[in-house]
Amino acid sequence: MALSRYLNNHLGAKLLLSYLTVVLIAILVLALASQWILPTALNRHMQGMGTMMGGSSGPGMMQGLFSDFRSSFNEALLFSGVVGLITAVVSSIILSRRVLAPLNALMQASRSLSEGRYEERVLVQSGDELGQLASRFNLMAERLQQVESMRRMLIADVSHELRTPLTAIGGSMEGLIDGVLPATEETYEQIRGETERLSRLVDDLQELSRVEARAYELKIRPLEIPDLVRTVINRVAPQLESGHIALELSLPGSLPRVLADEDRAIQVLTNLVANAAQYSAEGGRVLISAAASRGAVRVLVQDEGVGIPPEHLPHIFDRFYRVDKSRSRRAGGGSGIGLTIAKYLVEAMQGRIWAESGGESQGSTFGFTLPSEA
Ligand code: ADP
């Protein structure tokens, strides 16, 4: 059982076994031939010779005996050679089926892949090195397919995101030229708003590509959570004030320091608090809390705002994902990239980020962890 499992998982063992089989069979056949075929043939020749010479012997007879022996042996060798050859051919056919077929399949699949057909997969038939190679190949093909589909989706998403403000700007300009739209401050303000949206989108995309490619340096050092929170509050203060949002804090005095990049940690927390304020009704309440939890510090941002329906929760960190596109736009929201960037950053700092919500109008809680110093 163990031997058959070992053979199944090791191509080298299989090859060795097949060649050993050929050699063993050849030896066996040779032994059998020299045991039975050779004496019979020699006897036959000697009998023929004895009749020919009338029972007398001499050097001529010895020579004849030797040449008879040689031809008998050659007969036996020919026989064993043929059997050995047939065995070699049969085993090589079996081998080539087992070895060459998957290799050919791999070759064909890699050709398809190089021609851009990423859906190509090979059949994994065994657990040996070839089988492992095939499953690794499939894994690679899957990753390439994912990257390719992400690339396509990105282009589609970016063009879609660009089209909306561009159409709005184009429409307004046309209206102005035709005199349909009044050349008022409001019209120009609208156009300016759309160009601002465009440049925000371009900035976000640039930042996203930077974090996706990890083309930034993390300066990890011990940080105090209350310091981070203070900086974030200063940043979002205007937004909180304009929405009359009350901010509450719950930070225990004995919080361990976290190991993180200051700017990036601030960026993540700012994004969560700004979202909490943005998706809260006027006069709403936002709570920032932190607690130590198993080698990390957990930071929570809770709001009592619009909430997130359960079917949207799994996608909330996806690129360009917005629960309600029109709502997000009207509310002056971004392009749905902020949380994607936050997730990349938190994970790059060895943390975790998640979202919870009781559903529509039930408020949301966004949390993330950062490794603690001790
Ligand atoms: P955006 O710039 O559009 O806010 P984000 O990536 O920050 O992009 O957020 C993605 C989407 O997640 C938002 O469009 C919104 O639908 C939803 N969302 C984020 N934070 C909250 C929140 N605190 N409450 C409700 N929905 C939220």
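Source: prediction; values computed, not measured.

**Observations concerning the nonpolar core**
- The biggest cluster of nonpolar side chains holds 51 residues, and the ones touching the most others in it are Ile225, Leu269, Val299, Phe366 and Phe368.
- At nine residues, the largest contribution of residues to this core is made by helix 7 (residues 262-278).
- If near-sequence neighbours (up to four positions away) are discounted, Ile225 is found in contact with Leu251, Leu255, Val258, Ala290, Val297 and Val299.
- Of all hydrophobic cores here, the second largest spans seven residues; its members include Ala109, Val122, Ala134 and Phe137.

**Structural notes on the site of the ligand**
- The immediate surroundings of the ligand are formed by 22 residues, with Asn275, Tyr279, Asp303, Val323 and Leu339 found nearest.
- The separation between an oxygen atom of the ligand and a polar main-chain atom of Gly336 is 3.2 Å.
- One of the backbone N or O atoms of Leu339 is found 2.7 Å from an oxygen atom in the ligand.
- Against a free-state accessible area of 530 Å², the protein chains account for coverage of 97% of the ligand.
- Of all the elements in the fold, those that place two or more residues in the shell around the ligand are helix 7, helix 8 (325-330), helix 9 (338-348) and strand 7 (364-371).
- Sort the elements by how many residues they give to the shell around the ligand and helix 7 lands first, with three residues.
- A class-by-class count of the residues in the shell around the ligand yields ten nonpolar, nine polar and three charged.

**Some points on the sheet that holds strand 5 (residues 296-303)**
- Taken in spatial order, the five strands of this open sheet run 2-4-5-7-6, and their pairing is mixed. Edge positions in the sheet fall to strand 2 (246-250) and strand 6 (353-357), since each has one partner strand and no second. When the angles between neighbouring strand axes are averaged without regard to direction, this sheet yields 15°.
- Of the pairings in the sheet, the one linking strand 5 to strand 7 comprises seven bridges and is antiparallel in character. Looking at the pairing, Leu300 lines up with Gly367 of strand 7.
- Against the sheet, helix 6 (residues 225-242) touches strand 2, strand 4 (285-293) and strand 5, its axis set at about 175° to strand 2.

**A closer look at the packing of helix 5 (residues 185-212) against helix 9**
- Contact geometry for helix 5 and helix 9: axes closest at 10 Å, N-to-C directions at 25°. Here helix 9 runs roughly parallel to helix 5, going by the angle between their axes. Crossing of helix 5 against helix 9: the hand is left-handed. For the pair helix 5 and helix 9, the contacting residues are Asp204, Glu207, Leu208, Val211 and Glu212 in the first and Thr340, Ile341, Tyr344 and Leu345 in the second.
- Among the residues making up the contact of helix 5 with helix 9, the classes are represented as five nonpolar, one polar and three charged.

**A short note on the pattern of salt bridges**
- Taken as a whole and judged by the stated rule, the model has 16 salt bridges.
- Salt-bridge contacts for Arg322 lead to Glu161; the nearest nitrogen and oxygen are separated by 3.2 Å. Placement of the pair is Arg322 in the loop between strand 5 and helix 8 and Glu161 in helix 4 (residues 129-178), with a sequence separation of 161 residues. Summarising the burial analysis for this pair, Arg322 and Glu161 share the class buried.
- We note a salt bridge from Glu347 to Lys343, for which the minimum N-O separation is 3.0 Å. With Glu347 and Lys343 both in helix 9, this residue pair falls four residues apart, about one helical turn.

**A short note on the packing of aromatic side chains**
- A full pass over the atoms with the stated rule returns one aromatic pair.
- Aromatic pair Phe317 and Phe366: ring centres 6.3 Å apart, planes at 75°, arrangement edge-to-face. Here the residue Phe317 occupies a position in the loop between strand 5 and helix 8, and Phe366 occupies one in strand 7, the gap between them amounting to 49 residues. Across the pair, exposure class does not vary: Phe317 and Phe366 are buried alike.
- A cation sits over an aromatic face here: Arg264 above Tyr216, 4.8 Å from the ring centre.

**Re helix 6**
- The end-to-end C-alpha distance of helix 6, which contains 18 residues, comes to 26 Å, matching closely the 26 Å that a straight helix rising 1.5 Å per residue would cover.
- In the structure, helix 6 departs most strongly from a straight axis at Val236, where the bend amounts to approximately 55° and where the proline Pro238 lies between one and four residues downstream.
- Along helix 6, the residues classified as buried are Ile225, Leu228, Val229, Val232, Val236 and Leu240.
- Contact partners of the buried residues in helix 6: strand 1 (220-223), strand 2, strand 3 (258-261), helix 7, strand 4 and strand 5.
- One or two steps after helix 6, the chain reaches His244, where phi turns positive at roughly 50°.

Procedures and definitions
- Residues numbered from 1 in each chain as written.
- Predicted model: local features only at pLDDT ≥ 70, side-chain atom pairs only at ≥ 80, totals over all residues.
- Heavy atoms only, no water.
- Core = buried A, V, L, I, M, F, W, Y, C linked by side-chain atoms within 4.5 Å.
- Buried < 20%, exposed > 50% of the residue type's maximum accessible area, 1.4 Å probe, protein only.
- Helix = DSSP H or I, 4+ residues; strand = E, 2+ residues; numbered from the N terminus.
- Contact = heavy atoms within 4.5 Å.
- Near = heavy atom within 4 Å.
- Polar contact = N/O pair within 3.5 Å; in protein donor to acceptor, adjacent residues only side chain to side chain.
- Areas by Shrake-Rupley, 256 points an atom, 1.4 Å probe, with all protein chains shown as cover.
- Nonpolar A, V, L, I, M, F, W, Y, C, P; charged D, E, K, R; others polar.
- Pairing = 2+ DSSP bridges.
- Axes fitted to C-alpha atoms, helices over the stretch in contact; angles between N-to-C directions.
- Parallel < 35°, antiparallel > 145°, perpendicular 65-115°, else oblique.
- Left-handed = near helix turned anticlockwise from the far one by under 90°.
- Salt bridge = Lys/Arg side-chain N within 4 Å of Asp/Glu carboxyl O.
- Phe/Tyr/Trp six-rings, centres within 6.5 Å; stacked < 30°, edge-to-face > 60°.
- Lys NZ or Arg CZ within 6 Å of the ring centre and 35° of its normal.
- Expected span 1.5 Å × (residues − 1).
- Bend = angle between axes of the 7 residues up to and from the residue.

Everything listed here is a matter of geometry and, on its own, says nothing about what the molecule does.
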